[in-house]
Each structure stands twice: as C-alpha cells, then as structure tokens.
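Below, each chain spelled out in residue letters.
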Amino acid sequence: MDFLASGFNALRGQKGQHQTGSETIDRLCDRIEHATLLEDRRTSVLALKACSRDHKRDIGTRGVKVLCKVLQQDYMDVDICKAVLEILTILCQADPNQEESQEFAIDMSKAILDDAENVTTLLDILEEYDFYVRFHVVSLLALLVLNDTPRLQECILTSPVGMSRLMALLDDRREIIRNEGLLLLISLTESNADLQKIVAFENAFERLLAIIDEEGALTGGIIVQDCLQLVQNLLRHNVSNQNYFRETSCIQRIPELFNSDSVDEHGKHDPSLKDMWSDQKGNNMIMVLELIRVLVVPDHSNTIANQKSMYQCGILPLLVDLSLSSNAPQRVKASALYALAELIRLSKVNQESLSKSVIIPAHPPPVIVEEANAGHTPPSRTSAQLNRSSFQSGRGSTQANLGPRARCPAIVEVVAIAVGVYPGCSYSVRAAATCLFQCFVLDNPDTQLVLATTLNAPPEDNPNTLASEKPQSPGTLLLDALQGWQDDSEDSVTDPYNSWFATVLFSHILQNNSRAKGIALAITFGDEENGEDPVSLIHAITAALMVAVKGHADVRVALGYLALLCVWCYESPKSIKEFLSEGAHLQFLIELISPGSKEDPMMQGLAAFLLGICYEFNWEVDALIPRATIQPIILSRIGLDHFAACITRVRESKPFKAAVPYMVVLPSEEGAGKLPGLFFDYSFVEFMKRNFERTQKSISVSPENTQSGRPLQPQLANAETESMIKSLRTKSTAQDAEIADLKAQLAEAAHLGAHLREQLAGTELLRAQVGDIAHLKAQLAEAQQQLMRKAHEHDEYEHALAGLRQEIQLGRERHELLEKEHEDLLICLAEQDVEMNNLKEHMLSLGISL
C-alpha cells in the first residue's frame, strides 16, 4: 500500500492538480536525481517504467542521463537495476518501419555510450546471476551494438574484464542467456580484430566446439550454426587467431563434424542418418565448409600451413565424398566444391591427392556407346560444312542410359558435372565444379599435359574397355560437350552452358602451356581408311563456331568458342597457321567484324580480338595466309577505328565487368527456363585485359615486323620456288657460322678503314705537329737531365746531412759522458769536503790548532 501511495503521490501535482505527461516525467526524473533515500529512487524509477512506452520520447529527452547515473549508483538493488535496464532497452529499440523511430533509437544509444563508464557498469552487472537482470543487460548490449557498433567495441576494449564477463555468458546453463550472449559476441567480433584476439584467447574455440558437440553437431539446431558463425568471425583474416586455432589442434577436430551426422541421439553410429538432410543440417554443413574456406583464403600468409594441416588430418577425402558421392542438397554440393577448390589451389600435394581420388558417383557414371561408321558420309575439307560428326567420328556420343554404379576418377566426375552430363545438377553446382577444375590445373603444367592426352580416343584393343561400352575420360567428355548444343534433345537446345562450360575447361588445359596446345593441335577426326578426310580439332571447333553463329544459337555458345580459340592461338604460331590454313575461317571473322554485321557486339569484339591475335603471332614463314595478306584485308574491309572499337565495346560491356574470380551462380539466377548471367570466365577477362592494348594496336604494325625482329620472307606462289626455299633452308645451318665469321671480318675491316681515313684526313695536321713534338722531346730530355742533376745534388746533400747528423750524435754522446764525469767529480769533491771537516773537528778535539 505504501508503494502504491507513493507512486500515486509522485504523479500528483501541487494541491492535487492533474499533471501532463511531460510534467510527470520531469518530476519523476527530478526525484530520481535528487532523492537521498533508496526507497524514493526505487519508487520513482518504477513509476517512470510504467509510463516508458507511452512517453518514450519525453523520457529519452529528459531522463536518459538520469537513468544512467542511478544505474551506476544503485545497480546492486535488483528492482532498480531491472527497471532501469528495461527503460533503456525500450528507448534503444526502434520500429523498423519508421525512420524517425530508428533515428531516435540511435540518438539514445549514442547518449548512453557517450560515457564509457555506463558500459563498464553494464558489464559489472553481468556478475549478478539473476535471470532477468542478465537477460536485460544482454538485450540492451545487443541493441547498442546494433545502433553504434564501433563505439560499443571501443568501450568494451577499455574495460579490463569486460570481454571475460561476456564470454562467461557461454557457460550459463540457461539456454536463453547463452544463446543471446552468443549472438552478442557474433555482432561484436564481426569487424574488430582486437576483440577477435581477446575472445580467441579466452578459450573461445574450445567453448564453442563443446557447445557444438552438446547440441548434436551437424544434426543440431540453429545454435550450431551460430557457434560456427562466431568461429568464422574469429578466424577471418586474423593471422594470430588462425595460428592459435591450428596450434591448438582445432583443425584436427573438423573431420569429426563431417562424421557426426551419422550419430543418433544415443551416440550410436547409424549410416542411414548420413543420407538424411534437413534444411538446418544443410545450413550447418555449409557453415563448416565456409569455415574451411576461411582458413584457406587465397594469398593469405596462413593458407599454405592450413592446407598442409587439412591434408594431414584427412579433410580432402571428406570434401570429395561430400561433393561427388553423397546425396547432399545442391547448395551443399556447391559449397563443398568451392571449399575443395580453395583447398587444392596452388597446393601440389592436394592437387596430386585429388588426381588420385577414386569415387563412387552419386549419379551412375556416363558411358559411351560406339557409333557405327558404316555408311557415314566423309566430311568435306571446307570448315563451313563441318558439323558434329567431326567430333563423333571414332568417338561415339553420350547416351542417357545408366550403367551400374562403378568407381571412377574424381576429376572425371567433376568434368561430367560441369559439362551437364547430369541434367539434375543446378548451375551453381556446375559453376563450382568448373571452379574446382580451374584450381586443379592452376600453375600445374604436368596436369595440363595429362588432361590434354585424354583428348585422344582410347585404342580399340584397350583391355580396360568392354565390347559395347567404355568409360569416358575428361578429354572425351569435353569434346562431346563442345557439340552438345547441336543435339536434337530439347534440353541441350535450351542449355548453351553444355558447350560454354566445356570451352572454359578446355581453355584452362591449354592456357600458358605450349606443349598442351601442341597435343591438342595434333588431334584429328575422320577415318582415312574409309575415305574420310582428316579434320584437325581446331578446325572442328571453328566449324562448330560457324554453325552456331549462322544458326543464331545463344550468344554464350559463340562467346565460349571464340574465347577458347583466343587462348589457343595466343603465342602459338603453329596453331594460327593451322587455323588460317582454311581460308573460310579468315573470311568468317572478317564478315563477323565488318561494320555491316548485325551480330552481337560482344561476339564481334571477341572475333576482332581473335583476329588481332592471329595477326600479332602469325610468325610461321610458310603460313598459307601471311601477315602481309591479312593487314590489307583488315584495313580495307574493317578499318582500324572500327577494329579498335569492337574490342573496346567488349571491355565496356556489363557481362565482361560482372565476371568474378570465383565463378558463382546466385540462387536468384536459377529457375525454370532461366539462364544465369555467365558470359565470360574471369581468367579470360584478366587475359584480355592484359593483352587488350597490344592486340588493339597490332593491326597498325607493319607486317615485316615480328616478335623476333627479323623481317618475314615473301610468300612464294609456285611449288618449285617453295621447294627451293626448303632446300636452301636445310643447307643454311652449315653456312650460318661462315656467314657470321665473314660478317665479323667485314666489321673489323670497316673499323680499320675508318681509322685509316681518319689518319689520312689528319696528315697535314700531323706534319705541323712533328716539329712541335721534336721540340717538346728536346725540352723533355733537357728537363730530364736537369732533374737527374738535381737528384744527384740532392743525394749529395742527403749524404752530407747524414754525416752531420752522425757527428751531432757523437757530440751528444761525448757531452753526456763529460756531464757524467763532471757529476762524479762533484761527488768526490763533496766527499773530500766532508772528510776535511771531520779531520778538522778531530784535530780541535785533540787540542791541535791549525
């Protein structure tokens, strides 16, 4: 009753008059600030709490400082503490739909954080074990970090034991307190390296892993996801924390998370649980995979050590199994492929381990059925008439029949996923598989060569193949996919990415590897025994490009082929020679780039880029279409300005700028009938940027200038002259040394001739100078004689001086001897004087007078 009466009296004005809300708030705040009794302050705070929701702005304007002061003074009183915390929480809580409310909440948060002592008080209150007190403190801190994160982080850093008290929330057995504390720590550590280090060295990793185990690991709820998020926050771009995480053997505990999904609630192993994927389990697994990626970020100082540690504890096989053999959801498989890609990136050991991995695919392995060649029409040598039969001759076509689940190399499954062998794979998974393949061959020329050799069809008598079917290799999968867009099936017609992903993978096999380009260049199609003309692989790809452009296929198909040809022909004169050996190819590029072309600007730009590469690196002397032939055609039919503009438009296009280092397809880009926005591979984008200006300006360079600096020999038309050139070329090796010797002798003779000419030109001057030289010689001789005389006199002076010095030395010695004798005489005289005096005294004593 006293409490109700005191609260009522606090709301009454003088003489019982009714007060407005603002007046009441002012009166209560005044009583809180100046009351001397704890009971009065408690009563006023409780009264203020009762009207806090209806008069939020008035309390914030008048009472926030007062409330912070009373909290510092009376936080030991539980009732006052809870009431003040609730009021402050209400003030800092904003309505997300009202901008004015959000601004007010931010102002209130700044008012509280203005004094760091307020945060220290809140952290001290965490020592109170009361549930509601702790809960309201954590709720208020969560609002403060949301409204003004940097300031709250700064205030916590100034508190000596503040972070320790926040970490103690993780040990609270009340789940609500622990979970709210976990969310608070996630917000605090998201962007502050100093707080990350403090939290890590508060034994955070062990605490979080213990909570994960307690909650059921991957099969647990959202708390597992929050714990893994906090671990990521502590490790991301933090060198010291990653070192601590690795040195405390926490990396070795990651495999336990993969295996925990097959353990039931009683701790027993149940294999059937491994194939059960709930949404939360998928989220938890993705967080584990993101944790792995955080530890192997490219170009980070700890990446190599972390890759080695993960290899040693067996994480790589777990990722291979999850991404290629499990029935995990598509989003989990995509994350696993990205994690595996970064784990093997620039790591020879991990790349080799993946190359040796053999798996049982989640999908049945693709098989290939031999296609009969009987009655097959031999393709013409003209590229424009080439079609997919060029690829299929002697190779067969991929069928939809599903064989038994057999073991196959992991890299074959990666290629199969990327090129669309399995229709059920999402674009995100295919993009991730492509990214994995790129990291597999990155800075690994040996692997590139091995993959290039798989482009050859296996021999007919291969003992590892059956009579009716044979397993695919990475190379045959790529070649089948390169013509997949021409298939009669409806799925292939609407999916240009079968060939696009294949061109990306193929280009990475050839990139910066001349030997791999040579292997690919030697591959031909066609059965010569049955009368078919052999067709090279580069001609078959160009033929597919021409068919795609003329058939108005999706622009991605043509862009993929053009990008592949650009990478293949770059710094490869033999490839360019073979590419241009078919005259229709040059004509096709010219028509595609010409000002009257109606094709897509990106397609025109890549065609111009390819044509510039073919001109820049066309160094073969016996090329069918030399540089001298290409340049006039470009200048007359395209023009320098239009040629440069075509390449520039590609660089300025949105798809070109949108390419990212790790090929990613967002969920919003996937759906029925939707194609993702992938047009360019990032490595090709970087390749084009590096060579943009050089290729753009290459057409203006004279055909006589090559990279070696030697002019090209003119192309001879008749076969007789060509044979003569070949004959002379074979003999030129023995004559090179003689020619070099003659050139050296000629250069020496020219040098001597120039010297003689200079001497003849100066004959008159020499004659005039002869007399002067003779006169100078005479003066020199006389001077030499004088010098000799002076030297002789100097020697005599030196000899006389030496004699004088010797005499002086002898005189000094005699003087010293005389002085010594003089001293001896003086001593004798003194002794005689003493003896004389003694004798006189003795005589006087005897009475003898002198």
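Source: prediction; values computed, not measured.

1. Comments concerning the overall build of the protein chain
Next, step 1: For the protein chain, the count of helices and strands is 40 helices and seven strands.
Next, step 2: When each of the 850 residues of the protein chain is scored for burial, the buried share is 45%.
Next, step 3: For the protein chain, restricting intrachain contacts to residue pairs at least 6 apart in sequence, the fraction spanning at least 24 positions comes to 74%.
Next, step 4: Of the accessible surface of the protein chain, which amounts to about 43,700 Å², a share of 54% is contributed by carbon and sulfur atoms.

2. Overview of the packing of helix α17 (residues 279-295) against helix α20 (residues 330-344)
Next, step 1: Where α17 meets α20, the closest approach of the two axes is 9 Å, and the angle between their N-to-C directions is 10°. The orientation of α17 relative to α20 falls into the category roughly parallel. Listed contacts from α20 to Asp279, Gly282, Asn283, Met285, Ile286, Leu289, Ile292 and Arg293 of α17 are Arg331, Val332, Ser335, Ala336, Tyr338, Ala339 and Glu342.

3. Re the environment of alanine 522
Next, step 1: When you line up the elements, alanine 522 lands in the loop between α29 (514-521) and β6 (524-525).
Next, step 2: Of the residues examined, alanine 522 reaches a relative accessible area of 59% and is grouped as exposed.
Next, step 3: In the structure, alanine 522 is positioned 15 residues away from leucine 537 in sequence and 7.7 Å away in space, judged by C-alpha atoms.

4. Describing empty space enclosed by the protein
Next, step 1: Under the defined criterion, the tally for this structure stands at five cavities of 30 Å³ or more.
Next, step 2: Of the voids in this model, the largest cavity is the one considered here, and its volume is about 120 Å³.
Next, step 3: The wall of the largest cavity is formed by 15 residues, among which Val504, Ser507, Ala563, Asp681 and Phe684 lie closest to the centre.
Next, step 4: Mapped by element, the contributors of at least two residues to the lining of the largest cavity are α28 (497-510), α31 (555-569) and α38 (682-698).
Next, step 5: Looking at the lining of the largest cavity element by element, the count peaks at five residues for α31.
Next, step 6: Taken together, the residues that form the lining of the largest cavity break down as nine nonpolar, five polar and one charged.

5. Thoughts on the packing of aromatic side chains
Next, step 1: In this structure the tally under the stated criterion is 17 aromatic pairs.
Next, step 2: Between tyrosine 570 and phenylalanine 687 the ring centres are 5.0 Å apart and the planes differ by 90°, which places this aromatic pair in the edge-to-face class. Here tyrosine 570, found in the loop between α31 and α32 (573-580), pairs with phenylalanine 687, found in helix α38; they are 117 residues apart in sequence, far enough to count as distant.
Next, step 3: Classification of tyrosine 570 as buried rests on a relative accessible area of 13%.
Next, step 4: Under the relative-accessibility criterion, phenylalanine 687 is labelled buried at 5%.
Next, step 5: These aromatic residues form a ring-pair network of at least three members: Tyr570, Phe609, Phe617, Trp619, Phe684 and Phe687.
Next, step 6: Sitting over the ring of tryptophan 277, lysine 281 keeps its end group 4.3 Å from the ring centre.
Next, step 7: Taking the ring centre of phenylalanine 692 as reference, the NZ or CZ of arginine 651 above it sits at 4.5 Å.

6. Details of the pattern of salt bridges
Next, step 1: Applying the stated criterion across every chain yields a total of 23 salt bridges.
Next, step 2: The closest approach of N and O atoms between arginine 42 and aspartate 77, which form a salt bridge, is 2.9 Å. Here arginine 42, found in helix α3 (residues 38-50), pairs with aspartate 77, found in the loop between α4 (56-74) and α5 (78-92); they are 35 residues apart in sequence, far enough to count as distant.
Next, step 3: Via salt bridges that share partners, Asp124, Glu127 and Arg165 belong to a single interconnected network.

7. Section: a nonpolar patch on the surface
Next, step 1: There is a patch of nonpolar side chains on the surface, built from Val660, Val664 and Leu666 and spanning about 230 Å² of accessible area.
Next, step 2: Looking at where valine 660 falls in the secondary structure, it is placed in the loop between α37 (654-658) and α38.

8. Details of the layout of surface pockets
Next, step 1: As a volume, the second largest pocket reaches approximately 620 Å³.
Next, step 2: Along its surface, the second largest pocket is lined by 21 residues, and Arg345, Leu442, His508, Gln511 and Ser683 are the ones closest to its centre.

9. Looking at helix α30 (residues 537-550)
Next, step 1: For α30, built from 14 residues, the straight-helix expectation of 20 Å at 1.5 Å per residue is met to within 8% by its first-to-last C-alpha distance of 20 Å.
Next, step 2: With 12 of 14 residues buried, α30 lies mostly within the body of the structure.
Next, step 3: Taken residue by residue, α30 has Leu537, Ile538, His539, Ala540, Ile541, Thr542, Ala543, Ala544, Leu545, Met546, Ala548 and Val549 as its buried positions.
Next, step 4: The positive-phi residue at the C-terminal boundary of α30 is histidine 552, with phi of around 55°.

10. Focus on α31
Next, step 1: Between the first and last C-alpha of α31 there are 21 Å, a value that for 15 residues agrees with the 21 Å anticipated at 1.5 Å per step.
Next, step 2: For α31, the buried fraction is high: 15 of the 15 residues fall into the buried class.
Next, step 3: Structurally, the start of α31 carries an N-cap: the backbone nitrogen of arginine 556 is 2.9 Å from a side-chain oxygen of aspartate 554.

11. Considering the nonpolar core
Next, step 1: Core analysis: the largest hydrophobic core is formed by 224 residues, its most contacted members being Leu48, Leu166, Phe506, Leu611, Phe680 and Phe684.
Next, step 2: For this core, the element with the highest residue contribution is α31, accounting for 13 residues.
Next, step 3: For this core, the domains that each give at least three residues are domain 1 (20-160) and domain 2 (452-457 + 472-526 + 533-702).

12. Structural notes on unusual backbone geometry
Next, step 1: In the Ramachandran plot, leucine 346 falls in the positive-phi region, its phi being about 60° despite a non-glycine side chain.
Next, step 2: With respect to the secondary-structure elements, leucine 346 resides in the loop between α20 and α21 (348-356).
Next, step 3: When its relative accessible area of 44% is taken as the criterion, leucine 346 is described as partly exposed.
Next, step 4: At glutamate 571, a position not held by glycine, the phi torsion is positive, near 55°.
Next, step 5: Mapped onto the elements, glutamate 571 comes out in the loop between α31 and α32.
Next, step 6: You can call glutamate 571 partly exposed: its relative accessible area is 45%.

13. A look at the side chain of serine 507
Next, step 1: Residue placement: serine 507 occurs in helix α28.
Next, step 2: Not counting residues within four places of it along the chain, the set of residues in contact with serine 507 comprises Leu564 and Val567.

14. A short note on a negative patch on the surface
Next, step 1: Negative charge collects at one region of the surface, where Glu813, Glu816, Glu819, Glu821, Glu823 and Asp824 lie side by side.
Next, step 2: Within the element layout of this structure, glutamate 813 appears in helix α40 (residues 763-845).

15. What about the state of the cysteines?
Cysteine pairs can be covalently joined through their sulfur atoms, and such a bond is termed a disulfide.
Next, step 1: For the structure on display, the rule yields zero disulfides.
Next, step 2: Not part of a disulfide, cysteine 569 finds its nearest cysteine sulfur in cysteine 614, a span of 4.6 Å.

16. Side note on the environment of serine 326
Next, step 1: Structurally, the position occupied by serine 326 is in the loop between α19 (315-325) and α20.
Next, step 2: Measuring from C-alpha to C-alpha, the distance between serine 326 and alanine 362 comes to 5.7 Å, with 36 residues separating the pair along the chain.
Next, step 3: Leaving out residues up to four positions away in the same chain, serine 326 has contacts with Asp321, Lys333 and Ala362.

17. A short note on the confidence of the model for the protein chain
The predicted coordinates ought not to be read in detail in places where the model reports low pLDDT.
Next, step 1: Mean pLDDT over the protein chain works out to 80, with 78% of the residues at or above the 70 mark.
Next, step 2: Low confidence marks residues 463-469, where pLDDT is under 50. Its contacts with residues over four positions away, or in another chain, come to eight contacts.
Next, step 3: Throughout residues 488-493 the model reports pLDDT below 50, and contacts reaching past four residues in sequence, or to other chains, amount to seven contacts.

18. Details of the packing of α3 against α4
Next, step 1: Remark: α3 packs on α4, axes separated minimally by 12 Å, with the N-to-C direction vectors making an angle of 140°. On the basis of the axis angle, α3 is oblique to α4. In this structure, α3 meets α4 at a crossing whose hand is left-handed. Here Leu38, Arg41 and Leu48 of α3 come into contact with α4, specifically with Ile59, Leu67, Val70, Gln73 and Asp74.
Next, step 2: Taken together, the residues that form the contact of α3 with α4 break down as five nonpolar, one polar and two charged.

The rules behind the values
Chains are numbered independently. Their residues run from 1 in the order of the written sequence. Per-residue local features of the predicted model are confined to residues with pLDDT of at least 70, and side-chain atom pairs are confined, for both listing and counting, to 80 or more; whole-chain, interface and lining totals are unaffected and use all residues. For side-chain calculations, the full set of non-hydrogen atoms in the structure is used, while hydrogens and water are omitted. Secondary structure counts use DSSP, requiring at least four H or I residues in a row for a helix and at least two E residues in a row for a strand, with both numbered from the N terminus. Whether a residue is buried, partly exposed or exposed follows from its accessible area with a 1.4 Å probe, protein chains only, as a fraction of its type maximum: under 20%, in between, or over 50%, in that order. The contact criterion used is simple: two residues touch if any of their non-hydrogen atoms lie within 4.5 Å. What sets the accessible areas is the Shrake-Rupley method with a 1.4 Å probe; for residues, cover comes only from the shown protein chains. Lines fitted to C-alpha atoms define the axes here, with helix axes fitted over just the stretch in contact, and angles between the N-to-C directions of these axes take values from 0 to 180 degrees. For classification purposes, angles smaller than 35 degrees are called roughly parallel, those larger than 145 roughly antiparallel, those between 65 and 115 roughly perpendicular, and all remaining angles oblique. A cavity here means a set of 1 Å grid points, computed over protein atoms only, where a 1.4 Å probe fits but cannot escape. A pocket is an open set with protein on both sides within 12 Å along at least 5 of 7 lines, and lining residues have an atom within 4 Å of a point. Grid points are joined across faces, edges and corners, and a volume is the space filled by probe spheres set on the points. By the convention adopted, Pro, Cys, Tyr, Trp, Phe, Met, Ile, Leu, Val and Ala count as nonpolar, Lys, Arg, Asp and Glu as charged, and the other residues, Gly among them, as polar. Note on aromatic pairs: the rings of Phe, Tyr and Trp (six-membered ring only in Trp) are paired at centre separations within 6.5 Å, and the planes decide the class, stacked below 30 degrees, edge-to-face beyond 60, tilted for the rest. Working rule: Lys NZ or Arg CZ, within 6 Å of ring centre, within 35 degrees of ring normal, means a charge sits over the ring. Any carboxyl oxygen of Asp or Glu that lies within 4 Å of a side-chain nitrogen of Lys or Arg is treated as forming a salt bridge with it. Distance thresholds for patches are 9 Å for like charges and 5 Å for nonpolar side chains (Val, Leu, Ile, Met, Phe, Trp, Tyr), applied to residues having over 30% relative accessible area and no salt bridge. A helix is expected to span 1.5 Å multiplied by its residue count minus one. As used in this structure description, the phrase polar contact means that two N or O atoms lie within 3.5 Å; if the pair is within protein, one of them must be able to donate a hydrogen and the other to accept it, and residues adjacent in sequence are counted only when both atoms belong to side chains. What is meant by a nonpolar core is a set of buried Ala, Val, Leu, Ile, Met, Phe, Trp, Tyr and Cys residues, joined one to another through side-chain atoms within 4.5 Å. These domain limits were set by an automatic method or by a database of domain assignments. The convention is simple: Lys and Arg are positive, Asp and Glu are negative, and His and the chain ends are not counted. Charge placement uses NZ in Lys and CZ in Arg. For Asp and Glu, CG and CD serve respectively. Any pair of cysteine sulfurs within 2.5 Å is marked as a disulfide. pLDDT measures how confident the predictor is about each residue, on a scale from 0 to 100. Handedness of a crossing follows from how the near helix is turned relative to the far one, being left-handed for an anticlockwise turn of less than a right angle and right-handed for a clockwise one.

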